[in-house]
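Geometric and topological summary
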Amino acid sequence: MSSSESGPPAEPADALPVVAPQLRALRRRASLTLEAAARDAGLSPAHLSRLETGQRQPSLPMLLSLARVYGTTVSELLGESAADRDAVVRAAGMESTAAGGWTYWQAGAAGRGMQALRVHVPYGSQGDIVRVHPGEEWLYVLKGRLRLRLGDTLHRLAPGDSAHFDSLTPHRIAAADPDGVELLFVHTLLQSPTAALCLGPIHGEAT
């Protein structure tokens, strides 16, 4: 299992001020040691420790993996709450969050069995990261063109195209256009804190 420590440079320490204590609190709530949580998320214990102390900021893939490991959502990792669990999410209420070069907006309520996001993936950002984890994913291309590698097969998606696949299939996402690609993205959230995940670069493959 590879580590994703070789990703983009850390963002400023105040970029996501709530994340560090929230990561530690949710790990303890899940009764996981630092070593166990790091292993399940595909990180090194040292890297997870730096995330929990605010020395580094997590990328979106890290947030997604840690949310699955802790049986929660990215919203809760960011300290957000939706006490009334509204069924409708208004456009004006979608606040953007930047992580690991991606920009994303919560397009669904927190605390559900699925998580919906609107995501902007810049050109050249995280295209070398392979993701393998339990669950299902669905994505829909809103704008731009997407390179989606599922296993050994490369798919090129244009606006209006979509993909629905088992997340245990190794997959990589990359923008094919210099202006990036904008997606609607839905994935299942496993409630087991022991869900095994793996995030890391694959070297020597062209997308």
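Below is a short write-up of the structure. (Residues numbered from 1 in each chain as written. Predicted model: local features only at pLDDT ≥ 70, side-chain atom pairs only at ≥ 80, totals over all residues. Heavy atoms only, no water.)

**A closer look at the nonpolar core**
Residues Leu48, Leu66, Tyr70, Tyr104 and Leu146 are the most contacted members of the largest nonpolar core, which totals 43 residues. Here this core takes seven residues from helix α4 (residues 60–69), the largest share from any one element. Those residues within four positions of Leu66 in sequence are excluded, and the remaining contacts are Leu23, Ala41, Leu43, Leu48, Leu51 and Leu77. (Core = buried A, V, L, I, M, F, W, Y, C linked by side-chain atoms within 4.5 Å. Buried < 20%, exposed > 50% of the residue type's maximum accessible area, 1.4 Å probe, protein only. Helix = DSSP H or I, 4+ residues; strand = E, 2+ residues; numbered from the N terminus. Contact = heavy atoms within 4.5 Å.)

**Here we look at the environment of Pro21**
Relative to the elements of secondary structure, Pro21 occurs in helix α1 (residues 19–29). For Pro21, a relative accessible area of 45% corresponds to the partly exposed category. Residues Pro21 and Gly79, 58 residues apart in the sequence, show an inter-C-alpha distance of 9.4 Å.

**Regarding the packing of α1 against helix α3 (residues 45–52)**
Relative to each other, α1 and α3 sit at 120 degrees, their axes nearing to 7 Å. In terms of orientation, α1 lies oblique with respect to α3. Judged by residue contacts, Ala20, Pro21, Leu23, Arg24 and Arg27 of α1 engage Leu48, Leu51 and Glu52 from α3. For the contact of α1 with α3, the per-class residue count stands at five nonpolar, no polar and three charged. (Axes fitted to C-alpha atoms, helices over the stretch in contact; angles between N-to-C directions. Parallel < 35°, antiparallel > 145°, perpendicular 65-115°, else oblique. Nonpolar A, V, L, I, M, F, W, Y, C, P; charged D, E, K, R; others polar.)

**Let's talk about unusual backbone geometry**
Although it is not a glycine, Ser31 sits at a positive phi angle of roughly 60 degrees. For Ser31, the position within the fold is in the loop between α1 and α2 (34–41). Residue class for Ser31 comes out exposed when judged on its relative accessible area of 67%.

**A closer look at the pairing of strand β10 (residues 181–188)**
When strand β3 (residues 114–121) meets β10, the two strands line up antiparallel, connected through eight bridges. Residue pairing for β10: Leu117 is matched across the bridge by Phe185. Looking at chain direction, strand β5 (residues 136–143) and β10 are connected through six bridges and run antiparallel. Among the inter-strand pairings, Trp138 is bridged to a residue of β10, identified as Val186. (Pairing = 2+ DSSP bridges.)

**Things to note about the sheet that holds strand β2 (residues 102–106)**
Strand pairing within a sheet occurs via backbone hydrogen bonds; the two strands may be parallel or antiparallel. If you walk across this open sheet you meet the six strands as β1-β2-β3-β10-β5-β8, and the pairing is antiparallel. Only two strands of the sheet have a single partner each, and these edge strands are β1 (96–99) and β8 (162–166). Averaged over all pairs of adjacent strands, the angle between strand axes in this sheet comes to 25 degrees, irrespective of strand direction. On the sheet, α4 packs against β1, β2, β3, β5 and β10 and is oriented at approximately 10 degrees with respect to β10.

**Description of the pattern of salt bridges**
Note on pairing: side chains with opposite charge can pair once their charged atoms come close. A complete count under the given rule lists four salt bridges for this structure. Across the pair Glu52 and Arg27 runs a salt bridge, and its minimum N-O distance is 2.6 Å. With a gap of 25 residues between them, Glu52 in helix α3 and Arg27 in helix α1 connect regions that are remote in the sequence. Here the two residues Glu52 and Arg27 agree in accessibility, since each one is buried. (Salt bridge = Lys/Arg side-chain N within 4 Å of Asp/Glu carboxyl O.)

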